[in-house]
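Spelled out, the chains give:
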Amino acid sequence: MSKFIVSPKEGVPFVSVQAMAKMIHDYGVEQCITDLVDALEQDYLRWDQFEKSSRFASHSKDGVIELMPVSDGEMFACKYVNGHPINTTRNLQTVAAMGILSDVENGYPILLTEMCILTALRTAATSAMLAKHCAPKGVTKLALIGNGAQSEFQALGMKAIMGISEVRLYDIDPAASQKTADNLADSGLNIIVCRTLEEAVLSAEIITTCTADKTNATILRDDIITKGVYINAIGGDCPGKTELDSNILMRADHVIVEFEPQTRIEGEIQNLSSDFPVTEFHRILKGEVQARKSADDLVVFDGVGFASEDFTALVFLRDLIKKQGGYEILDLIPQQADPKNLYSVVKGHSKNHSLVTNEAESVAMS
């Protein structure tokens, strides 16, 4: 691809799964996450510029389908995403996602893309960014509880940003942990597959929970969490889906969230009182609030994923494909000569289709 499409009349750039995979592989997962952390920090610093709302969610017995819109006044972004933990028993992805970035001035799409891989990258980048500002200094050990689709990205993100050198894996499905260990075998990380949850969190300074069960689960018990630990709880992301013993939240020195109105509905704090104190992360980044006062503080990030992070990821991708290529052009919006004459597109197609059909019939008859 020699040039990036800049005119809305030329079509819409589209990034497929295979194109995304190749581009991220060539650019490097850790480099992508590093760049995304920088971009996320810049966007969180201009938090007040974003038009924000909690995501729209349609719940069913087996999962949820969500729309995540956000705008900074110049561009509009929206992600379609589902969460169906039962899908692994159907040989399907737990999450299917796609995203769109549009120009607010004319409403035309700028970019259409897969967002399973891109969401994994932005989630890992968000986790690493929060740890950068909220975890104790000099950490080296990560416990990764839940070793599904996100796990490798989380490990590489913490390595790239926090300098993590040891990752302790635990999942109720041993095959998932082994999958993660195999994928990270050449990462430079010391990977330890643990037989129990207690073994995994032992001596870990950062604990990431990323499980998919849609129940009010208690993945982490209060009695195994010591002072000074930073908990990156990112699996609870809809009503009725939690991972932490509420006592952990109650005794935490600080609970940090992205967008409080959404987290009150979906996060770990959904089961606590509406006045339970939390801090939105942008305030920490701006220096308005201190994340931790001592290395002994217990700090929890109650992460549910917010639309502004997808906005950042989509803009990052837009800029990356300008350099890397790896996209195709979709004929998504009619581009007739007279913008008021939409019917001409249909009429013209019918005429051309008729000519092709007549020619084919003539050949057949001869």
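Conventions and cut-offs
- Along each chain, residues carry numbers from 1 onward, in the same order as the chain's sequence is written.
- Per-residue local features are limited, in this predicted model, to residues with pLDDT of at least 70; the limit for side-chain atom pairs, both in listing and counting, is 80 or more; totals at the level of whole chains, interfaces and linings are taken over all residues.
- Side-chain metrics in this entry use all non-hydrogen atoms of the structure; hydrogen atoms and water are not considered.
- Where helices and strands are cited, they refer to DSSP runs of H or I of at least four residues and of E of at least two residues respectively, numbered from the N terminus.
- As a reference, a globule follows 2.2 Å times the number of residues to the power 0.38, and the radius of gyration itself is taken over C-alpha atoms.
- Partly exposed describes any residue whose relative accessible area lies between the buried limit of under 20% and the exposed limit of over 50%, with all areas from a 1.4 Å probe on protein chains only and scaled to the type maximum.
- Residues count as neighbours in contact if any of their non-hydrogen atoms are within 4.5 Å of one another.
- Here, strands pair whenever DSSP counts at least two bridges between them.
- All axes here are fitted lines through C-alpha atoms, helices being fitted over the stretch that makes contact, and every angle between N-to-C directions spans 0 to 180 degrees.
- The predictor attaches a confidence to each residue, and that confidence, scored 0 to 100, is pLDDT.
- Residues enter a patch when their relative accessible area is above 30% and they make no salt bridge; the linking distance is 9 Å between like charges and 5 Å between nonpolar side chains (Val, Leu, Ile, Met, Phe, Trp, Tyr).
- Computed by Shrake-Rupley with a 1.4 Å probe, the accessible areas treat only the displayed protein chains as cover when residues are assessed.
- Whenever Lys or Arg places a side-chain nitrogen within 4 Å of a carboxyl oxygen from Asp or Glu, that contact is recorded as a salt bridge.
- Each nonpolar core is a collection of buried residues, namely Ala, Val, Leu, Ile, Met, Phe, Trp, Tyr and Cys, held together in the definition by side-chain atoms within 4.5 Å.
- Reported domain spans reflect what an automatic or database domain assignment gives.

An unreviewed UniProt entry lists the chain under the name Ornithine cyclodeaminase, with Psychrobacter fozii as the source organism.

Secondary structure assignment for the chain yields 11 helices and 17 strands. At 23 Å, the chain has a C-alpha radius of gyration in line with the 21 Å of a compact globule built from 366 residues. With the principal axes as the frame, the chain shows a C-alpha extent of 85 × 45 × 40 Å. Counting over 366 residues, the chain shows a buried share of 50%. Across the chain, contacts joining residues at least 24 apart in sequence account for 72% of those joining residues at least 6 apart.

Now for the sheet that holds strand β17 (residues 328-330). Here 7 strands make up an open sheet; going across it, the order is β2-β3-β4-β5-β6-β1-β17 and the pairing mixed. Of all the strands in the sheet, just β2 (56-59) and β17 have a single pairing partner and so form its edges. For this sheet, the mean inter-axis angle between neighbouring strands, taken without regard to orientation, is 20°. Relative to strand β3 (residues 64-71), β2 runs antiparallel, the two being bridged by 4 bridges. Across the sheet, residue F56 finds its bridge partner in β3, namely L67.

On to the confidence of the model for the chain, then. Per-residue confidence for the chain gives a mean pLDDT of 91, with 93% of residues at or over 70. Throughout residues 351-366 the model reports pLDDT below 50, and contacts reaching past four residues in sequence, or to other chains, amount to 0 contacts.

On to a nonpolar patch on the surface. A surface patch of nonpolar side chains, amounting to about 450 Å² of accessible area, comprises F56, I65, L67, Y80 and M98. Following the sequence through the fold, L67 ends up in strand β3. According to the relative accessible area criterion, L67 is partly exposed, its value standing at 36%.

Now for unusual backbone geometry. Backbone geometry places N91, a non-glycine residue, at a positive phi of 60°. With respect to the element layout, N91 can be found in the loop between β4 (75-83) and β5 (97-103). The phi dihedral of S203 falls on the positive side, at around 70°, and the residue is not glycine. Within the secondary structure, S203 is located in the loop between α6 (197-201) and β10 (206-209).

C134, I164, I206, Y230 and F281 are the most contacted members of the largest nonpolar core, which has 71 residues in total. Here this core takes 11 residues from helix α3 (residues 116-134), the largest share from any one element. Composition of this core by domain shows at least three residues from each of domain 1 (12-117 + 309-345) and domain 2 (135-306). Residues contacting I206, with those up to four places away along its chain left out, are A131, A135, V139, K141, L142, A143, M158, I164 and Y230. One finds I207, I248, L272 and L298 within the second-largest nonpolar core, a separate group that totals 27 residues.

What follows concerns the side chain of H84. Position of H84 among the secondary structure elements: in the loop between β4 and β5. Excluding residues that lie within four positions of it along the chain, H84 makes contacts with S60, D62, G63, V64, I65 and T94.

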